[in-house]
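Spelled out from the first residue to the last, the chains are:
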Amino acid sequence: MSLTTCTIHTVQRADRSVYVSNDLVKALRLTGSKTITLKAGSKSITAPLRLIRKAGQHLYIPLSMIGKLHLPRIGSTLATSSSAKEIRLGPMIGILTNMTDSPTSPFGPKTGFIRQVMQTGADKSFHFAFSPRDVNWQQETVRGVFLSPGGGWVRKTVPLPDVVYNRLSSRIAERSSGMEGFKERFGRKGIPLFNWSFFDKWDVYNLLEGDDAFKFVPESRINPSADQIREMLDKHKFIYLKPTAGSLGIGIFRITYNANRGYFARYRKGNKNVLIRYAKFASLMNMLGTGRGRLQNYVAQQGIRLIEIDSCPIDFRFHMTKNGANQWVVAAIGAKKAGKGSVTTHLRTGGQLMTSEQVLRQIYGARAEQILQNAKETAIKLAEGIENNYHHLLGELGFDIGIDQNEKIWMFEANAKPGRSIFKHPSLKDQDKASLAYVYEHCLYLSRFRKRREA
Ligand SMILES: Nc1ncnc2c1ncn2[C@@H]1O[C@H](COP(=O)(O)OP(=O)(O)O)[C@@H](O)[C@H]1O
Ligand SMILES: [Mg+2]
């Protein structure tokens, strides 16, 4: 396989040939071929090949063929070839997401993020966003939304992409009928789609059970009965109760047991943190509605005594991505300090964003680097463990990671469509960029626009 960049131009000539510069012929090893098949996403077209003397790597394509290929623009792009008769242009990277009707903010609060994704590698690839209803399977085309050079958004009809980056942002949209089948259709056409769907907390626990990395996950029970809750409280002294499909800390209870004083429930009510004591276990169960099925779809999880600053627990978001060599990397780490009295570290409940360096140096001094290194290695083992037991492609994961007071590393939650709130921290600008670059390079890997070292 050969891989290079080239500049696409249009040409208007009666002979309907594709003109290729000498340098490009050499770079793609097309020497001697009389015809050429150009491919862009799912479309291809074959034409006579003619050489043109011009320095640099150039490709001249008749206007009518640009239309048939549905090339979204001319100019620079990657070009790869696996035989002397073929050039693949692209890649076409399709970002699957939900859209609004707003012309200036077509992806709602995700608009800024989608823009960043599209700008990464924009000078050598074709990026567009689309929603399920934009795909025409008969024609094998997509009505994609492109970022125009002026910064606005434009619709263009393009081929099916070479790779799909799934950023559908709602669990409801992801679960709607037909969505599973829709995503599978890409697979049947040989188009890789990564980040298949959201994880439930319980899915991740299940995926890791039996894996070496299982020891990093706190003990958990799905749909816990009163007996199981009592047992876990006896064993661990405090537990978390979390909706398995929840996020943002919504619906979470922290339950503590003290042999002399009874049971304490801490949770968020409206915009306040509440703490209620129950002398009897039965009253606690009554409040939680255990007997009435209110803890259906909840996970009970062993509580972890997190490291603290100013008596506020701290945890970390590890933003994991795959890179161009198909390996997991820790692209970014943010530290989050819980708001006073809050059971979680979310910013919306008073949490504060910090850098991991700040936190670890304050707590561990000279040993900070060693602890960070250990946490990174653990996060990579966890990502590999999840991936090995999962039947779809993953390109990104957001781990909520805790370090306990004995320096042990724990993972509370793995997000398959990680949010990007840690990147609001001004010190994380480079990591923000790096995370986007890794995802882009992983798109190149999946679409075979990058040399692979076969195992
Ligand atoms: N088992 C636990 N022990 C200690 N703290 C926990 C535990 N589970 C969750 N937390 C705290 O609550 C936060 C939110 O929990 P998480 O499982 O990430 O749920 P959500 O989906 O709502 O973000 C975590 O980031 C962590 O600070
Ligand atoms: Mg979380």
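Residues numbered from 1 in each chain as written. Chains lettered and ligands numbered in written order. Predicted model: local features only at pLDDT ≥ 70, side-chain atom pairs only at ≥ 80, totals over all residues. Heavy atoms only, no water.

Going by an unreviewed UniProt entry, the protein chain carries the name YheC/YheD family protein and comes from Paenibacillus eucommiae.

Peer 1: So, the overall build of the protein chain: which residues are in play, and what are the values?
Peer 2: Within the protein chain one finds 11 helices and 26 strands. Projected onto its principal axes, the C-alpha positions of the protein chain cover 90 × 50 × 40 Å. Taken across its 455 residues, the protein chain has 54% of its residues classed as buried. Here the protein chain has roughly 20,900 Å² of accessible surface; of this, 48% comes from carbon and sulfur atoms. Of note, the protein chain has its 67 positive side-chain charges centred 6 Å away from the centre of its 37 negative side-chain charges. (Helix = DSSP H or I, 4+ residues; strand = E, 2+ residues; numbered from the N terminus. Buried < 20%, exposed > 50% of the residue type's maximum accessible area, 1.4 Å probe, protein only. Areas by Shrake-Rupley, 256 points an atom, 1.4 Å probe, with all protein chains shown as cover. Lys, Arg positive; Asp, Glu negative; His and termini not counted. Charge placed at Lys NZ, Arg CZ, Asp CG, Glu CD.)

Peer 1: For the pattern of salt bridges, give the residues involved together with the corresponding values.
Peer 2: Taken as a whole and assessed by the stated rule, the structure comprises 20 salt bridges. One salt bridge in this structure joins Lys-337 and Asp-310, with 2.9 Å as the shortest N-O distance. Here Lys-337 is found in strand β23 (residues 328-337), whereas its partner Asp-310 is found in the loop between β21 (308-309) and β22 (312-322), with 27 residues between them in sequence. Among the residues examined, Lys-337 registers a relative accessible area of 12% and is labelled buried. Here Arg-367 makes a salt bridge to Glu-407, at a shortest N to O gap of 2.5 Å. (Salt bridge = Lys/Arg side-chain N within 4 Å of Asp/Glu carboxyl O.)

Peer 1: Any chance you could break down the environment of Leu-160 for me, citing the residues and the numbers?
Peer 2: Note on placement: Leu-160 falls in the loop between β12 (153-159) and β13 (163-166). Leu-160 has contacts with Gly-41, Ser-42, Val-135, Trp-137, Glu-140, Thr-141, Val-142, Lys-189 and Ile-191, leaving out every residue within four places of it along the chain. (Contact = heavy atoms within 4.5 Å.)

Peer 1: If you had to explain the site of ligand 1 to someone new, which residues and values would you point to?
Peer 2: Neighbouring ligand 1 are 20 residues, the closest being Lys-201, Lys-242, Gly-249, Asp-315 and Glu-413. Between an oxygen atom of ligand 1 and a side-chain N or O atom of Asp-400, the distance comes to 2.8 Å. The protein chains hide 98% of the 550 Å² of surface that ligand 1 would expose on its own. Taken together, the elements giving at least two residues each to the shell around ligand 1 come down to β16 (238-243), β20 (298-302) and β26 (409-415). Within the shell around ligand 1, the residues separate by chemical class into 6 nonpolar, 9 polar and 5 charged. Residues from two domains meet in the shell around ligand 1; each of domain 3 (220-302) and domain 4 (306-446) gives at least three. (Near = heavy atom within 4 Å. Polar contact = N/O pair within 3.5 Å; in protein donor to acceptor, adjacent residues only side chain to side chain. Nonpolar A, V, L, I, M, F, W, Y, C, P; charged D, E, K, R; others polar. Domains from an automatic or database assignment.)

Peer 1: Describe the packing of helix α9 (residues 356-364) against helix α10 (residues 368-388), with residues and values.
Peer 2: Here α9 crosses α10 at 125 degrees, and the two axes come no closer than 8 Å. The orientation of α9 with respect to α10, classified from their angle, is oblique. α9 and α10 meet at a crossing whose hand is right-handed. Every residue of α10 that contacts α9 at Ser-356, Leu-360, Arg-361 and Tyr-364 is listed here: Ala-368, Ile-371 and Leu-372. (Axes fitted to C-alpha atoms, helices over the stretch in contact; angles between N-to-C directions. Parallel < 35°, antiparallel > 145°, perpendicular 65-115°, else oblique. Left-handed = near helix turned anticlockwise from the far one by under 90°.)

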